[in-house]
Amino acid sequence: MTRSSWWTEILTTIAAIVLALIIGAVVMVVSDPDVLDKYAYFFYRPGDALAASGDKIGSAYFALLKGAVGSWGAITQSTSQAAPLILAGLGVALAFRAGLINIGGQGQAIWGAIFAAYIGFGVHLPLVIHVLVALIAGVLGGAIWGGLVGWLKARTGAHEVIVTIMLNYVAIRMLAWLLTTPAFQRPGRTDSISPIVDWTATFARLAGSQLHVGFVLALLAAAAVWWLLERSTLGFALKAVGANPHAAATAGMSVARTTIIVMVLAGALAGLAGVDAALAPSDSGVPVPLSNGIVGDVGFDAVTVALVGRSRPVGVVLAGLLFGALHTGGLGMQGAQTPGTVTDVLQALIVLFVAAPALVTRLLPFLRRRAARSATPESTGALT
Amino acid sequence: MSGERTTAGSLEGSVLEPGRSLETAALRRQRLSVGILISVVGLLLLGLLAATHGTARFALSNAFDPVQLPTVSLPGLPLVLVCGLLCVAAGAGLLTGRLAGRFQTLAGTVGGVGFLVGFLTWAAAGRALPFPVSNQIAQTFAVATPLVLGALAGVLCERAGVINVAIEGQFLVAAQAAAVVGTVTQSIAWAIIAAALAGVGMAALLAVFAIKYRVNQVVLGVVLNLLASGITGFLLDQRFSQSNLNSAPVMSSIAIPGLSKIPFIGPVVFDQNILAYLAGISVPVVWVLLFKTSWGLRVRSVGEHPRAADTVGISVTGMRWSAVLVGGVFAGIGGAFFILAATGHFTRDFTNGSGFIALAAVIMGRWHPGWAALMAIFFGFATELGSQVQTLNTPVPSDFLQMLPYVATVIAVAGLIGRVRPPASDGEPYQKA
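What counts as what
- Residues numbered from 1 in each chain as written.
- Chains lettered and ligands numbered in written order.
- Predicted model: local features only at pLDDT ≥ 70, side-chain atom pairs only at ≥ 80, totals over all residues.
- UniProt positions renumbered as here; feature names shortened; annotations may be inferred.
- Helix = DSSP H or I, 4+ residues; strand = E, 2+ residues; numbered from the N terminus.
- Rg over C-alpha atoms; globule rule 2.2 N^0.38 Å.
- Buried ≥ 20, exposed ≤ 12 C-beta atoms within 10 Å, placed from the backbone.
- Contact = placed C-beta atoms within 7 Å.
- Nonpolar A, V, L, I, M, F, W, Y, C, P; charged D, E, K, R; others polar.
- Expected span 1.5 Å × (residues − 1).
- Domains from an automatic or database assignment.
- Pairing = 2+ DSSP bridges.
- Axes fitted to C-alpha atoms, helices over the stretch in contact; angles between N-to-C directions.
- Parallel < 35°, antiparallel > 145°, perpendicular 65-115°, else oblique.
- Left-handed = near helix turned anticlockwise from the far one by under 90°.
- Core = buried A, V, L, I, M, F, W, Y, C linked by C-beta atoms within 7 Å.
- pLDDT = per-residue confidence, 0-100.

- Per an unreviewed UniProt entry, chain B goes by the name ABC transporter permease and belongs to Microlunatus endophyticus.
- On record in UniProt, under Subcellular location (unreviewed entry), the comment for chain B is "Cell membrane".

- Per an unreviewed UniProt entry, chain A goes by Nucleoside ABC transporter membrane protein and derives from Microlunatus endophyticus.
- Chain A has a UniProt comment under Subcellular location (unreviewed entry) that states "Cell membrane".

What follows is the structure, given as structure tokens:
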């Protein structure tokens, strides 16, 4: 990695963010009937339309920025939103580096959350031990679900994309079913919700903020993945398999073994994201109880984080922080005229531009000499 | 991966005995795994004998059907026993390998039908209500309608060599378009047209990034799904949440004169809404398009060997664009179904993974419009069975039945039930030399 290509990727990413903000602004203006009405007499008094548009865009983006980083509380809220994104994003990034597309973060995180939450409310242990046991259980849950994909791919050649998508839905249905069983359903309730996790299994947080163990865990995981990729033999084999599996096999590396290990590790990382969802304290200080939407969309969000982070640990941390801040800012916009869901549009647009650097250089020709490579594998091959 | 797979069926591990044809390792694995599956299912049925009480009743008509058929009562215990034994026998026949080719297919069919009949008998035996057979089948077609249309979209794209993971996103955007245009015009026809156009719009996004910018198509599909979810969610919050922009008219079912009077089949098949008929017609239409027109031949050629197609003067990008856009029409119409067949009301992310079931149907249906539609109907059947069994109050969780499409797809791509062979250049961007 030379200095200039680092620079190129940063520039392209910034360009992608700027382009996404511009398109987001257009979408906001076009979708607001009050602002659009003023364009009806644009040629008579252009000032009205431009002022209304400027006001709309400015207030929305200001509310977004304020909600994301406007106060210490908001900043720590952003880090707590970033933690599961970073963890699951690392899982996807690690698989990308080995040439595997892991769309299964959702299912792996769900199993992580199921295992961790069950230990959290079903078993009663002393203070530090409880959270450790729950954490290990959750990691195991994710690792098994991810490992299953690796094993199927290594043994039968089943394409990891289709298997992970399908296993996501199997996990979603398993969670839905478990929440109707006496072991998981909160006594006295008929809806799908579990008991509340013991306080001994809850992640500790810095008093008066949302900065909790989950974010520290995410940074530690990023460091571990960096070490694995850059300093370990396994990491070398992993990258070799990702670059050219035939060459790696010729050099004596076992492609099958590497595939299984990578998917186990990717599953473990996504499982950690599920652990974070199950054990991290919410605003009230108590973790959100297990329910059907416990992990949100973390699996697909993780793909976006890994893409924008160029599948490198540092990049994933930065991308996770960016999207965590976007999510938090979106939540903070509820009172504003513009719905906070605009952040979902921004997130998808940023990733779309990052995934297609050729489009960015076409729109911004002065970047042309520095065209960055796309962060994804060139071809996927058919999904079988 | 494809190179390894073709050699997996090599002669090593094959069994050669006098008087018997050669069996490759892949076929052997397939035979054994199907045999094990059917045997296990048969043993499961025999295990359920203890929990089978009374008679199983099957209602062949709804209360409102013109011709009332009797409710069939079958003895629960003997029937489950027979079905279980049939499954075990079929499984054993496959495992011993004493069955010739045609009988193997027969054994597989006996196992499948035996399990279905046995399971339904067990589920219905001794319940207060009869199992509503006609309702189950009629609803299967309703549930399967968008799946069939989505699967056709997938088949068209992938036959041209473009993987479409964004069927879900196409459904979402098309559904919102149908809801809004349907509300404004109060016309089903305009709602369907708007949905088709929205589907084509999403298809154009897929095409421009997959074909022109050569973005990895799976990643692209995931991102487009997120974009569709984000943009429909935002527009719903910002603009379309008021009911004056989100209450489209709902389709009523159209009974085909004459045909709908046929006992049993009439009310089940010929009393559907317009989109269900449209889906039914679309299957042969896509088949003819792909296999009987020169356009279809060119589409398939760029999906299999784009270089060769290019050499004889076929525009690879042109064919891929046209196939993806035509697919968008079908996906869009499928998206309209979610609005026009239900409440006429769009809510966030309410297609709920149907696009991914359609993708599964494409693969299970081996990239063939007919088989993919059949698989979509099978998945619709499993989903509908989940809700029917729930109303019967059986101990089987409906979640397990709704898992069926996904588990079946994993088993299929793992090559346990027949190897699926995709178009050779599926998912590979083409660059002119």
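Having seen the model, we can carry on.
**Focus on the overall build of chain B**
And step 1. Scanning chain B for helices and strands turns up 16 helices and five strands.
And step 2. Scaling as 2.2 N^0.38, a compact globule of 433 residues should have a C-alpha radius of gyration of about 22 Å, and chain B matches this with 24 Å.
And step 3. Considering only C-alpha atoms, chain B reaches an extent of 60 × 60 × 40 Å along its principal axes.
And step 4. Classification of the 433 residues of chain B by burial places 50% in the buried group.
And step 5. Looking at chain B alone, contacts between residues at least 24 apart form 74% of all its contacts between residues at least 6 apart.

**Side note on the overall build of chain A**
And step 1. Counting its secondary structure elements, chain A contains 15 helices and zero strands.
And step 2. Compactness check: chain A gives a C-alpha radius of gyration of 22 Å against a globular reference of 21 Å for 384 residues, within 12% of the reference.
And step 3. Judged by the C-alpha coordinates and their principal axes, chain A covers about 70 × 60 × 35 Å.
And step 4. A separation of at least 24 residues holds for 76% of the contacts in chain A among residues at least 6 apart in sequence.

**Looking at the environment of Ile14 of chain A**
And step 1. Turning to its location among the elements, Ile14 of chain A is positioned in helix α1 (residues 3-31).
And step 2. Counting along the chain gives 234 residues from Ile14 of chain A to Ala248 of chain A, while the straight-line C-alpha distance between them is 35 Å.

**Thoughts on the interface of chain A and chain B**
And step 1. The partner chain B presents 49 residues to the 50 residues of chain A that form the contact.
And step 2. Mapped by element, the contributors of at least two residues to the side of chain A that touches chain B are α6 (127-156), α7 (160-178), α12 (298-308), α14 (342-355) and α15 (357-363) of chain A.
And step 3. Of the residues belonging to the side of chain A that touches chain B, the class tally is 31 nonpolar, 15 polar and four charged.

**Side note on helix α3 (residues 76-96) of chain B**
The α-helix winds at 3.6 residues per turn, so residues separated by three or four positions along the chain end up facing the same way.
Residues and elements named next belong to chain B.
And step 1. With 21 residues, α3 ought to run about 30 Å at 1.5 Å a step, and its terminal C-alpha atoms sit 30 Å apart, in line with that.
And step 2. Among the residues of α3, those classed as buried are Gly76, Val80, Cys83, Gly84, Leu86, Cys87, Val88, Ala90, Gly91, Gly93 and Leu94.
And step 3. Contacts from the buried residues of α3 go to α2 (25-48), β1 (55-59), β2 (71-75) and α4 (101-124).
And step 4. A positive backbone phi angle near 75° is found at Gly97, which sits one or two residues after α3.

**Quick look at the domain arrangement of chain B**
Interface extent is often summarised as the accessible area lost during association of the parts.
Residue and element names in this part refer to chain B.
And step 1. Along its sequence, chain B is organised into domain 1 (2-127) and domain 2 (135-413).
And step 2. For domain 1 versus domain 2, the distance between C-alpha centres works out to 30 Å.
And step 3. Listed as interface residues are nine residues of domain 1 and, on the opposing side, ten residues of domain 2.
And step 4. In the side of domain 1 that touches domain 2, the residues fall into six nonpolar, one polar and two charged.

**Here's the deal with the sheet that holds strand β3 (residues 131-132) of chain B**
All names here are of chain B.
And step 1. With respect to topology, three strands assemble into an open sheet ordered β2-β1-β3, the strand pairing being mixed. Lying at the two open borders of the sheet, with one neighbouring strand each, are β2 and β3.
And step 2. Direction of pairing for β1 relative to β3: parallel, over a ladder of two bridges. Across the sheet, residue Phe58 finds its bridge partner in β3, namely Phe131.
And step 3. Docked against the sheet, α3 engages β1 and β2, running at close to 70° with respect to β2.
And step 4. Packing against the sheet, α4 makes contact with β1, β2 and β3, and its axis sits at approximately 105° to β1.

**Concerning the packing of helix α11 (residues 294-304) of chain B against helix α13 (residues 316-340) of chain B**
Residue and element names in this part refer to chain B.
And step 1. Where α11 contacts α13, the two axes come as close as 9 Å, and the packing angle between them is 110°. Here α13 runs roughly perpendicular to α11, going by the angle between their axes. For the pair α11 and α13, the sense of crossing is left-handed. Residue-level contacts link Arg298, Val299 and Val302 of α11 to Val316, Met319, Arg320 and Ala323 of α13.

**Examining the domain arrangement of chain A**
Residue and element names in this part refer to chain A.
And step 1. Per the domain assignment, the segments making up chain A are domain 1 (1-69 + 342-372) and domain 2 (72-337).
And step 2. Listed per partner, the contact involves 19 residues of domain 1 and 19 residues of domain 2.
And step 3. Secondary structure elements with two or more residues in the side of domain 1 that touches domain 2: α1, α3 (46-69) and α14.
And step 4. Looking at the side of domain 1 that touches domain 2, the element that brings in the most residues is α3, giving ten residues.
And step 5. Its residues assigned to classes, the side of domain 1 that touches domain 2 comprises eleven nonpolar, five polar and three charged.

**Observations concerning the nonpolar core**
If you look at soluble globular proteins, the nonpolar side chains tend to sit buried side by side.
And step 1. Counting residues in each nonpolar core, the largest one holds 264 residues, and the members touching the most others are Ala113 of chain A together with Ala178, Ala195, Ala336, Ala361 and Ala376 of chain B.
And step 2. Ranked by the residues each element gives to this core, the list is headed by helix α7 (residues 188-212) of chain B, at 16 residues.
And step 3. Excluding residues that lie within four positions of it along the chain, Ala376 of chain B makes contacts with Ala144, Leu147, Val148, Ala151, Ala358 and Ala361 of chain B.

**Considerations on the confidence of the model for chain B**
All names here are of chain B.
And step 1. When pLDDT is averaged along chain B, the result is 84; 92% of the residues meet or exceed 70.
And step 2. When pLDDT is averaged over each helix and strand of chain B, the minimum, 40, is found for helix α1 (residues 2-8) and the maximum, 95, for α13.
And step 3. Interface confidence in the predicted complex, given as ipTM, is 0.90; pTM for the same model is 0.89.

**A look at the pairing of β1 of chain B**
And step 1. As defined by bridge partners, β1 of chain B adjoins β2 of chain B across five bridges and the pair is classed as antiparallel. What sits directly across from Arg57 of chain B, in β2 of chain B, is Ser73 of chain B.

**Comments concerning helix α8 (residues 213-231) of chain A**
And step 1. Between its first and last C-alpha, α8 of chain A extends 26 Å over 19 residues, near the 27 Å set by a 1.5 Å rise per residue.
And step 2. Within the sequence span of α8 of chain A, burial applies to Val213, Gly214, Phe215, Leu217, Ala218, Ala221, Ala222, Val225 and Leu229 of chain A.

**Brief notes about the packing of α7 of chain B against α13 of chain B**
All names here are of chain B.
And step 1. It is at 6 Å that the axes of α7 and α13 come closest, and there the two elements cross at 140°. One element, α7, and the other, α13, form an angle in the oblique class. In this structure, α7 meets α13 at a crossing whose hand is right-handed.
And step 2. Among the residues forming the contact of α7 with α13, the class breakdown is 22 nonpolar, six polar and one charged.

**Notes on unusual backbone geometry**
Residues and elements named next belong to chain B.
And step 1. Backbone geometry places Asp349, a non-glycine residue, at a positive phi of 50°.
And step 2. For Asp349, the location among the structural elements is in the loop between α13 and α14 (354-364).
And step 3. Positive phi outside glycine occurs at Arg366, with the angle close to 50°.
And step 4. Tracing the chain through its elements places Arg366 in the loop between α14 and α15 (369-392).

**Let's talk about the environment of Val34 of chain B**
And step 1. Within the secondary structure, Val34 of chain B sits in helix α2.
And step 2. Each C-alpha atom, one on Val34 of chain B and one on Pro423 of chain B, is 25 Å from the other, the two residues being 389 residues apart in sequence.

**Focus: the environment of Gly267 of chain A**
Residues and elements named next belong to chain A.
And step 1. Its place among the elements puts Gly267 in helix α11 (residues 255-279).
And step 2. Residue class for Gly267 comes out buried when judged on the 33 C-beta atoms lying within 10 Å of it.
And step 3. Between the C-alpha atom of Gly267 and that of Thr233, which follows or precedes it by 34 residues, the distance is 20 Å.
And step 4. The contacts of Gly267, once residues within four sequence positions are left out, are Gly91, Gln108, Gly142, Ala143, Trp145, Gly146 and Gly147.

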